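Analysis of the macromolecular model
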Amino acid sequence: MKKEYFSILDIAIGIIVFIIMLSIVSSRAAKYEGISYGKYYRTNFFVKVFFAFAFFLFYLLYYGGGDTTAYWDGANTLNELFFYSPSKYFDAMLKEPNNVNRSVHFNNITGFPPGWIYREAQGWFMCKVGSVFSIITFKSVPATLVLLSFFLHEATFKLFEIVVRLNLHSERVAAYATLFVPSVGFWCSGLSKDAFIFFCVVSILNILLGWMIFKEKIGLLGLLKLSFFFFLILHIRSFVLVAVLGPILLSLSTRVIRQYESNTLVKYGLRLIIYAGFFVGFIFISSSSYLQELSQEASVIQQDFSQNSSYTGKRYELDITDSSPTGMLRAFPIATFFGIYRPFIYESLSATLILNGIEGTLLILMTLNFLFNGNVFAKIRWLTKSEFLIFALAFSILIGFMAGYTSVLFGVLVRIRAPLLPFIFLIFTTRPELLKEFKEEQKALPN
């Protein structure tokens, strides 16, 4: 084990931070005493800490390093720069990475960030985020992992509470889907892009669902949080913004339509206007430079994974050469299927993929049950009547497409698609008989 990541001092600081965070968790757990789902609160924290350490140690010991250790190494060079020259540190935090800035900001005293991470703007942004934790934890990996686990614990448990309040799932199912999916716990943990994307998506959803469904006020602080989370997504994986904003707009339109459920003429008129708005918006985006830039970005990522020999592991082929917006649309069905359901169980016979293969098999069985057990059209109708479920469905489809289209490697695919798993599990385990009851309860809430 490399001592620079787990020295005695690092471990001691980590233990102190863990005790502090555990005391906070224990204090907050008191408000859940007597509530049936409160038993999951502490457990969620321990599970998040376990997976954060498991993820970091797996890459450190099995691969000898990787993205997560490189982010930390880059963060520590920024840490050294902060104490060497605070002005240069803030200058480095604000400027894009290039060879000129690298020579201006770093030297033999501060050390140099890993070149392959520094050359990628999104990877270097992760180093910037990590540097904040590196400074406040005195460069302790264990302490940083505990802190990141605590934030993710709080966000996911809030989502779990919302799902419980929606009363469309049993508590056990809601807990498994939102808190304890193994591959989500593993891939979306620690200092990684996937962990921060998952944290931001869940946090955004917590705020907006509280406002849309339970009429909770957002306020200035809530708006600042939303802006911060969108900022992080933009700089970590910009294409995920589409997968978040589109479903949010669908959820809002569902909310608006539900206000006029009893007036058939107004209801269908609003639907026509909203669908027309989405169509016009799609045409506008398709003809704009934004979608073309996304398409080019996806194509570059795809080609990099396909042609770069440094990326090893099992691969799959989409056999798609047209990277234009039209080509992306043609690739949508097969790429989405790959992104959600692959790798299949026979493609997952390795330590890094076996959990994903099992979960993929379970998803296939749940999908078949959804399609052929009962009236599928009735199921789709009640899915589209829930703000949460319509978001979950649209988000799962879009993330599935993006994962399937860009990844090429199964090892990359399972990481990018991990954030969709809680939502698609919740779609297939919803109890439709409770949706009508929930809608009646919502009508009783004050506007």
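Residue numbers restart at each chain and count upward from 1, following the sequence in its written direction. The predicted nature of this model means local features are confined to residues of pLDDT at least 70 and side-chain atom pairs, given and counted, to a pLDDT of 80 or more, with totals for whole chains, interfaces and linings taken over all residues. Water and hydrogen atoms were dropped before computing side-chain values, which therefore reflect all heavy atoms in the structure.

A few points about the overall build of the protein
From N to C terminus, the protein includes 22 helices and zero strands. The buried label applies to any residue whose accessible area, calculated with a 1.4 Å probe on protein chains only, is under 20% of its type's maximum; exposed applies above 50%, and partly exposed to all values in between. Taking all 447 residues of the protein together, the buried fraction comes to 53%. We call two residues in contact whenever any of their non-hydrogen atoms come within 4.5 Å of each other. For the protein, the proportion of contacts with a sequence separation of at least 24, taken over those separated by at least 6, is 75%. Summing over all exposed atoms, the protein offers an accessible surface of approximately 21000 Å²; the carbon and sulfur share of this is 67%. Numbering of helices and strands runs from the N terminus, with a helix taken as a DSSP run of H or I at least four residues long and a strand as a DSSP run of E at least two residues long. Computed by Shrake-Rupley with a 1.4 Å probe, the accessible areas treat only the displayed protein chains as cover when residues are assessed.

Comments concerning the pattern of salt bridges
Two side chains of opposite charge can pair, provided their charged atoms sit close to one another. Salt bridge, as used here: a side-chain nitrogen of Lys or Arg that lies within 4 Å of a carboxyl oxygen of Asp or Glu. Applying the stated criterion across every chain yields a total of eight salt bridges. In this structure, R237 and D194 form a salt bridge, with 2.9 Å as the shortest nitrogen-oxygen distance. Of the two residues, R237 sits in the loop between helix 12 (219–236) and helix 13 (240–258) while D194 sits in helix 11 (residues 193–212), which places them 43 residues apart along the sequence. A residue is classified by how much of its surface remains accessible, and R237, at 13% relative accessible area, is buried.

A short note on helix 9 (residues 171–179)
All buried positions along helix 9 are accounted for by A174, A175, A177, T178 and L179. Elements in contact with the buried residues of helix 9: helix 2 (39–62), helix 8 (141–166) and helix 21 (421–428).

A word on helix 2
To estimate the expected span of a helix, count its residues, drop one, and scale the result by 1.5 Å. Taking 1.5 Å as the rise per residue, helix 2 with 24 residues should run 34 Å; its terminal C-alpha atoms sit 34 Å apart, in good agreement. Once helix 2 ends, the next one or two residues include G64, with phi positive near 75 degrees.

Structural notes on the packing of aromatic side chains
To describe a pair of aromatic rings, you give the distance between the ring centres and the angle between the ring planes. The rule is short: rings of Phe, Tyr and Trp, with Trp giving its six-membered ring, pair when the centres are within 6.5 Å, and they are stacked under 30 degrees, edge-to-face over 60, tilted in between. Applying the stated criterion across every chain yields a total of 49 aromatic pairs. Aromatic pair F55 and Y59: ring centres 5.1 Å apart, planes at 50 degrees, arrangement tilted. Taken as a pair, F55 and Y59 lie in helix 2 at a separation of four residues, close to a single helical turn. According to the relative accessible area criterion, F55 is buried, its value standing at 1%. An angle of 70 degrees between the planes, with centres 6.1 Å apart, marks the rings of Y176 and F425 as edge-to-face. Taken together, the positions of Y176 in helix 9 and F425 in helix 21 put the pair 249 residues apart, joining distant regions of the chain. For Y176, a relative accessible area of 34% puts it in the partly exposed group. Judged by its relative accessible area of 4%, F425 is buried. These aromatic residues form a ring-pair network of at least three members: Y32, Y37, Y40, Y41, F157, F160 and F180. Directly above the aromatic system of F214 lies the positively charged group of R165, at a separation of 3.7 Å from the ring centroid. Note on geometry: a ring has a charge over it if NZ (lysine) or CZ (arginine) is within 6 Å of the ring centre and within 35 degrees of the ring normal.

Concerning the confidence of the model for the protein
Should pLDDT be low for a region, the predicted coordinates there are not to be read in detail. Across the chain, each position has a pLDDT score giving the predictor's confidence in that residue, from 0 to 100. Chain-level pLDDT for the protein is 84 on average; 81% of the residues reach the 70-or-more range. Mean pLDDT across the secondary structure elements of the protein bottoms out at helix 22 (residues 435–443), with 51, and peaks at helix 8, with 96.

Description of the nonpolar core
Nonpolar side chains tend toward joint burial in soluble globular proteins. Among the nonpolar cores identified, the biggest contains 133 residues, and F160, I233, F388, F395 and F423 are the most heavily contacted of them. A per-element tally of this core places helix 8 first, with 16 residues. The residues touching I233, leaving out its near neighbours within four places in the chain, are I197, C200, V201, I204, S238, V240, L241 and V244. To define a nonpolar core, start from buried Ala, Val, Leu, Ile, Met, Phe, Trp, Tyr and Cys residues and group those joined through side-chain atoms within 4.5 Å.

Section: the side chain of T137
Looking at where T137 falls in the secondary structure, it is placed in the loop between helix 7 (121–136) and helix 8. Here a polar contact is recorded for every N or O atom pair within 3.5 Å, except that within protein the pair must consist of a potential hydrogen donor and a potential acceptor, and residues adjacent in sequence are included only if both atoms are side-chain atoms. Within the local environment of T137, its side chain forms a polar contact with the side chain of T144, the two groups lying 3.1 Å apart. If we skip the residues at most four places from it in the chain, T137 touches I13, W72, A143, T144 and L147.

Remarks on the side chain of N101
Within the fold, N101 resides in helix 5 (residues 99–105). In terms of polar contacts, N101 uses its side chain to reach the backbone carbonyl oxygen of E96, at 2.9 Å. Other than its neighbours up to four places away in sequence, N101 contacts K95, E96 and Y118.

Notes on unusual backbone geometry
Looking along the chain, the bond that leaves R342 and enters P343 is cis, with omega of 5 degrees. As for its position among the elements, P343 is in the loop between helix 16 (325–341) and helix 17 (354–372).

Looking at the packing of helix 1 (residues 8–29) against helix 2
Orientation is described by axes fitted as lines to C-alpha atoms, over the contacting stretch for helices, and by angles from 0 to 180 degrees between their N-to-C directions. One can describe the packing of helix 1 onto helix 2 by two numbers: an axis separation of 9 Å at closest approach and a directional angle of 155 degrees. Put simply, helix 1 runs roughly antiparallel to helix 2. As for how helix 1 packs across helix 2, the hand of that crossing is right-handed. Where helix 1 abuts helix 2, its residues F18, M21, L22, V25, S26, R28 and A29 lie against Y41, R42, F45, F46 and V49. Residue composition of the contact of helix 1 with helix 2, by class: nine nonpolar, one polar and two charged. With respect to orientation, any angle under 35 degrees is reported as roughly parallel, any angle over 145 as roughly antiparallel, any angle of 65 to 115 as roughly perpendicular, and every other angle as oblique. Note on convention: the crossing is left-handed when the near helix lies turned anticlockwise from the far helix by less than a right angle, right-handed when the turn is clockwise. Under the scheme applied here, ten amino acids are nonpolar (Ala, Val, Leu, Ile, Met, Phe, Trp, Tyr, Cys and Pro), four are charged (Asp, Glu, Lys and Arg), and all others, including Gly, are polar.

Brief notes about a nonpolar patch on the surface
A surface patch of nonpolar side chains, about 590 Å² in accessible area, is lined by I345, Y346, L349, I354, L355 and I358. Looking at where Y346 falls in the secondary structure, it is placed in the loop between helix 16 and helix 17. Like-charged residues within 9 Å of one another, or nonpolar side chains (Val, Leu, Ile, Met, Phe, Trp, Tyr) within 5 Å, are grouped into patches, provided each residue has over 30% relative accessible area and no salt bridge.

Digging into the packing of helix 17 against helix 21
Where helix 17 contacts helix 21, the two axes come as close as 10 Å, and the packing angle between them is 30 degrees. With respect to the hand of their crossing, helix 17 and helix 21 are arranged in left-handed fashion. Residues E359, L362, L363, M366, T367 and F370 of helix 17 form the contact with helix 21, whose participating residues are L421, I424, F425 and F428. Considered class by class, the residues forming the contact of helix 17 with helix 21 number eight nonpolar, one polar and one charged.

Here's the deal with the environment of D194
The exposure class assigned to D194 is buried, which follows from its relative accessible area of 0%. Taking the C-alpha atoms as reference points, D194 and P419, 225 residues apart in sequence, are found 7.6 Å from one another. Discounting residues that sit within four places of it in the chain, D194 has contacts with W187, C188, R237, R415 and I416. Among the polar contacts listed, one links the side chain of D194 to the side chain of R415, at a separation of 3.2 Å.

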